[in-house]
Amino acid sequence: MLFRILNNLTLEHFLKKTNFYIVIVAMFFLILIVRLVYLEIFAYEKYKLLSENNRIRIVDIKADRGLIKDRNSKNIVVNAPNYNLYVIKEDSVDIDVLLQDLSSVIKLNVSAAQKRVDGMFIYEPALLYRGLSFQEVSFLFEHINDFPGIKIEVDTVRCYLDGEVYSHVVGYMGEVLVEDVLGGGYAAGDLKGQNGIEKVYEDKLRGQNGARQVEVNNFGLLNKILSEKPSISGETIQLSIDFDLQSFAHNLMKGKKGAIVVLDIRTNEVILLYSGPTYDLNSFIPYISNEEWEKLANNGDNPLMNRVIEGGYPPGSVFKVLMALAGLQEGKITPEKTFYCNGSMTYGSFKYKCWKKYGHGKIDLRRALVESCDVYFYDLGLLLGIDLISSYATKLGFGQITGIDLPNEKAGLFPSRKWKKKAYKLSWYPGETIITSIGQGYIITTPLQVAVFFSTIFNGGNLYQPKVVKSYTQNGEYISLQDKLIDTVEISDRNRDFLLSAMSDAVNSLHGTGFRARVKNILVGGKTGTSQVVSLDKVEKYEDGKIPEKLRDHSWFASVFPADNPRYVLVTMIEHGGSGGRSASSITGAIVNKMVDLGYVNRK
Amino acid sequence: MLIGNKYNFRHFDITLFILTILLMCTGVFVIYSASYNHKTGVSEYYYMKQIYWIIAGLFTFLFFSLLNYKRLVNFAYLFYLLGVILLLFVLIKGQIGMGAQRWINIADFRLQPSEFFKIAWILVIAVQFSDFDCNKLGFVQILKKSSVLVIPFILIFLQPDLGTATIFLATWAIALLFRGIKKITFILLLVISLIAVPSIWFQLKDYQKDRVLTFLNPEKDPFGAGYHIIQSKIAIGSGGFFGKGFLSGTQSHLNFLPEKHTDFVFSVLNEEFGFFGGMLLILLFFTLLIRILQIASIAREITGQMICIAVASICFFQFFVNAAMTVGMMPVVGIPMPFISYGGSSLITFTSMLGIVNSIALNRFKNPGDL
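Per chain, residues are indexed from 1 in the order of the written sequence. Each chain gets a letter, beginning with A, and each ligand a number, beginning with 1, in the order they are written. Owing to the predicted nature of the model, reporting of local features is limited to residues with pLDDT of at least 70; listing and counting of side-chain atom pairs is limited to 80 or more, with chain, interface and lining totals taken over all residues.

Student: When you look at the overall build of chain B in this model, what are you seeing that I'm missing?
Tutor: Helix numbers and strand numbers start at the N terminus; a helix is a DSSP run of H or I with at least 4 residues, a strand a run of E with at least 2. For chain B, the helix and strand inventory stands at 13 helices and five strands. For the exposure call, what matters is how many other C-beta atoms sit within 10 Å of a residue's own: 20 or more marks it buried, 12 or fewer exposed, and in between partly exposed, using C-beta atoms placed from the backbone. Among the 371 residues that make up chain B, the fraction classed as buried is 50%. Two residues qualify as a contact pair if the distance between their C-beta atoms, derived from the backbone, is within 7 Å. Pairs at least 24 apart in sequence give 72% of the contacts found in chain B among residues at least 6 apart.

In structure tokens form, the structure reads like this:
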């Protein structure tokens, strides 16, 4: 029976137990009371004192940020000491007066400073000014008693071997946002990588802050260190970038807009990654002023954009390499296959022109690549159809990010029937296949995508993720980044060798479009490309060489060398550089020469 | 006699009701102060939410008062089963909060099944120990009775919520001690638990180990949990006899005390109202416990009596552990103070339990079998 009344004997036992229980509870409560008596009455004075100035505080010990080295272990980013001015409101006598006084000594924006002070927790130091000069530091230290509540702390800022050469790779630092403070374990005023390697490898570079438990005196000044947890410095990052080569490219690209990228086919390491115009990383040290930031962000030449991975351009004739590869692999053509070029091709009611007004005549694949005949590829395009072209392009990395360890990479675009239906609700026209065949129309690629595409062809068909970081340290030991295979494409050795020899002819033969990229004793294979910015008839009225810069075509040159034993891929893209045979290929020639000097390639 | 008189409001336990309200109101004051922002001059929304919960809590108190507790006792194991299912559910699908899975989100509410399971738990305890007599329990009997403890304990332990798991274990242990254990068995159990402790230790998450170690030696980690204990002690000690005054606590308004509206309410109370305030709260709780135990004595039906013992135990254990933690006598475990700490699930659970106790008082003159 679940519910029952206890008999008298049991009830008495129950009551006895209950009373005993009350006694036990009372005893426990008594212990608690005794403890409160001790804390609040006997030790009152001690705790009152501790609480009054909140004398026991935790102070962060900032960890040193990790260094960044280039591939030859040259330190390209290190840390430099920097003096910052903080104020603790609770330690100051009158915060408004203090800020006024300070503004007469240093260039302090009082209203911005006030806002920062208001945003702090009690006894949390507010960062007022970054980068005090030595004069200011010594003045403030001499007159420290006139400024109760201030604190001068050394922290570190980045110090660059060169502020402009590798801005887009390394990226700038900036102050953390509120979200980082609330959820990311940062303190207000901390610096954090905002772009480039500094951003992607923030967690490795950042290190772990230590802490110090201190007792302070009435003025908030350090009295005694009670305990300390040391900080752990950030890891060192070694880039695959070559600083010397990068500097050389920087000089070459002065006054030009565009991108250069060199990719090592065997290691998938990016040795050179340059985007012009560049910006000065030093303008972010110790912090960037609003005016300067506005100037950078609103600059029409867009110096903040990393054109290698963020710039989207039609690849132009560089794309013909993919067309040739697809045609050969699919068995639609052989190298001996000829088409007839009379300067244009008529399809439907449209006339598609070749760049050579009077035509190439009867032409085979090799000559079509060497002389960049458009009509040949129009025909080939129609033979392949958009579906095959699109599937090859996608397999070779077009229309998707390469996955390089840099932020803000753009995927570009490669069109297909499905895409057009979705984007325009229209079906695909054969005419669009024709212009796609010479790398125009809807296609948007980044220079890095072209480099990865070339690398994939010449490494035997493996699409790898490129990287700018070679290795990083972990507990003092260097750990190399693993290669990441994304996809494989079947490419026969015969077809690869044919493309190589056709491309080296494009540079080295009499009629080759890329003759400006010739380098003494080094066999360079390459393909020029010209991507139209506006349609041909708009620029036809101008004489050659007098076309306004904005309307000039983008100039491409994608190359591989040494052509007899492919090791490096170099892609150059010059915005509004005119035809690819001109500016891009001559820059390519200069870079290859420099790489020979630096010992990357041996002259025969 | 009063048998047949379905709801006799003369026996409504007004003392219990008033004590509940007093405790909950104290809670609102402390929560208001704990989440008060001196910069803006307003308190965060917590106290308003707590007021809504109190209103809901009063309704649950009345609801359970009017419901004959025997109906609940009859379904004790059903509630137990439902509770276990909820605990399983939260373990599998629950929201991850503070490194532990403790909540289920329903609409905008975050329900904590381990809180509600406490209601089922006191009912199960009552049924298990309704065989109360003068004989003491032997080892086998204890083992048999303890089988119901295993599943919920493991489920909550895995969340991992060590604090709440101990609550279930502790109330069980208190009920067991109340029931009476043979001397030899007691010694045997003691030895077993001494062996069990190390094996549980290896199951603990690092942060839990840290907390226990920190308690044993606060100097070990003066930056994390140890720092909180130090700050909590400073807050309480600097309160003195009468405290610093409402909203005038300095320590508790700093960023030093974590979860000050849940785990560290006792520190805030002591800093602002001093020893006087702390004593008042201790007395309030003591009176509440005595009142519950008195109802246990005057009730004439054993499941009702055992429910009272269980409810008193859970209130006592949570209050004591929470307070002892803030004064540095126990490790920092996330056990809220009943009625005072912020949190809807906890408040509703405790008002329900006191409602059941009130129902025991209301129905105490009925025949055992009458519903």
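Student: Help me understand the interface of chain B and chain A in this model?
Tutor: Contact with chain B, which involves 51 residues of that partner, is made by 44 residues of chain A. When residues of the side of chain B that touches chain A are traced back to their parent elements, those giving at least two are helix 3 (69-74), helix 10 (225-237), helix 11 (265-298) and helix 12 (302-326) of chain B. Among the elements that line the side of chain B that touches chain A, the one with the most residues is helix 11 of chain B, at twelve residues. Charged means Asp, Glu, Lys or Arg here, nonpolar means Ala, Val, Leu, Ile, Met, Phe, Trp, Tyr, Cys or Pro, and polar covers whatever is left, Gly included. Here the residues of the side of chain B that touches chain A are counted per class, giving 29 nonpolar, 16 polar and six charged.

Student: I'm lost on the pairing of strand 4 (residues 126-132) of chain A in this one. Help?
Tutor: Look at any regular strand and the pattern is simple: side chains alternate between the two faces of the sheet. Residues and elements named next belong to chain A. Extensive coverage of strand 4 is indicated by the burial of five of its seven residues. For strand 3 (residues 75-87) and strand 4, the ladder comprises four bridges, and the chain directions are antiparallel. Following the sheet pairing, Val 87 is matched in strand 4 by Ala 126. Pairing between two strands requires that DSSP report at least two bridges joining them.

Student: What is the right way to read the environment of A:Glu228 from this model?
Tutor: Residues and elements named next belong to chain A. Looking at the element boundaries, Glu 228 is found in strand 9 (residues 222-229). On the basis of neighbour counts, which here come to 15 C-beta atoms within 10 Å, the residue Glu 228 falls in the partly exposed class. Separated by 14 residues in sequence, Glu 228 and Val 214 have C-alpha atoms that sit 8.6 Å apart. Other than its neighbours up to four places away in sequence, Glu 228 contacts Gly 210 and Arg 212.

Student: Can you help me understand the packing of helix 7 (residues 162-179) of chain B against helix 12 of chain B in this one?
Tutor: For any two helices packed against each other, the geometry is given by the interaxial angle and the distance between the axes. Residues and elements named next belong to chain B. Lines are fitted to the C-alpha atoms to define the axes, a helix being fitted only along its stretch in contact, and any angle between axes, read from their N-to-C directions, falls within 0 to 180 degrees. Here helix 7 crosses helix 12 at 130°, and the two axes come no closer than 9 Å. Put simply, helix 7 runs oblique to helix 12. As helix 7 packs across helix 12, the resulting crossing turns out to be right-handed. Here Ile 167, Ala 170, Thr 171, Ile 174, Ala 175 and Phe 178 of helix 7 lie close against helix 12, whose contacting residues are Ile 309, Ala 310, Ser 313, Ile 314, Phe 317 and Gln 318. Class assignment of the residues belonging to the contact of helix 7 with helix 12 gives a composition of nine nonpolar, three polar and no charged. Reported orientations rely on four angle classes, namely roughly parallel under 35 degrees, roughly antiparallel over 145, roughly perpendicular from 65 to 115, and oblique for the rest. For a crossing to be left-handed, the near helix must be turned anticlockwise from the far one by less than a right angle; the clockwise case is right-handed.

Student: What is the right way to read unusual backbone geometry from this model?
Tutor: With the exception of glycine, most residues fall at negative phi, and the peptide bonds are largely trans. Here the bond from A:Gly276 into A:Pro277 is cis, since omega is 0°, no more than 30 degrees from zero. Topologically, A:Pro277 is positioned in the loop between strand 12 (270-276) and helix 11 (290-297). Phi at A:Ser372 takes a positive value of approximately 55°, unusual for a residue other than glycine. Positive phi outside glycine occurs at B:Phe339, with the angle close to 70°. Considering the arrangement of structural elements, one finds B:Phe339 in the loop between helix 12 and helix 13 (344-362).

Student: What should I look at first to understand the environment of B:Ser313 in this one?
Tutor: All names here are of chain B. Along the chain, Ser 313 falls in helix 12. Sequence spacing of Ser 313 and Leu 293 is 20 residues, and the spatial spacing of their C-alpha atoms is 9.8 Å. In contact with Ser 313, not counting residues within four places along its chain, are Thr 171, Ile 174 and Ala 175.

Student: Can you help me understand helix 17 (residues 417-424) of chain A in this one?
Tutor: Because each turn of an α-helix spans 3.6 residues, side chains separated by three or four positions in sequence point in the same direction. Here helix 17 of chain A lies mainly on the outside; zero of its eight residues are buried. With its phi angle positive at about 55°, A:Lys425 sits one or two positions after the end of helix 17 of chain A.

Student: Sorry if this is basic, but what is going on with the confidence of the model for chain B here?
Tutor: Atomic detail in the predicted coordinates should be set aside for any region of low pLDDT. As a per-residue measure, pLDDT tells how confident the predictor is, with possible values from 0 to 100. Model confidence for chain B is summarised by a mean pLDDT of 84, while 85% of its residues fall at 70 or above. Scored as a whole, the predicted complex attains pTM 0.65, and scored at its interfaces, ipTM 0.91.

Student: Help me out: how do you make sense of the pairing of strand 11 (residues 258-264) of chain A in this one?
Tutor: All names here are of chain A. Counting buried positions along strand 11 gives six out of seven residues, so the element sits mostly inside the fold. In this sheet, strand 12 lies alongside strand 11 in antiparallel orientation, the contact comprising six bridges. From the neighbouring strand, Leu 263 faces strand 12, where its bridge partner is Val 270. The hairpin formed by strand 11 and strand 12 contains five residues between the paired strands, and Asn 268 there has a positive phi angle of roughly 60°.

Student: Is there a simple way to explain the nonpolar core in this structure?
Tutor: Burial of nonpolar side chains together is a common tendency in soluble globular proteins. All names here are of chain A. Core analysis: the largest hydrophobic core is formed by 121 residues, its most contacted members being Ile 241, Val 261, Leu 272, Leu 322 and Val 468. With eight residues, helix 19 (residues 447-458) is the single largest residue contributor to this core. Boundary definitions for the domains trace back to an automatic or database domain assignment. Looking at which domains feed residues into this core, each of domain 2 (57-239) and domain 3 (243-279 + 305-597) gives three or more. When residues no more than four places from it in sequence are discounted, the contact partners of Leu 272 are Ile 241, Asp 242, Leu 245, Gln 246, Ala 249, Ile 260, Val 261 and Val 262. Each nonpolar core reported here comprises buried Ala, Val, Leu, Ile, Met, Phe, Trp, Tyr and Cys residues connected via C-beta atoms within 7 Å.

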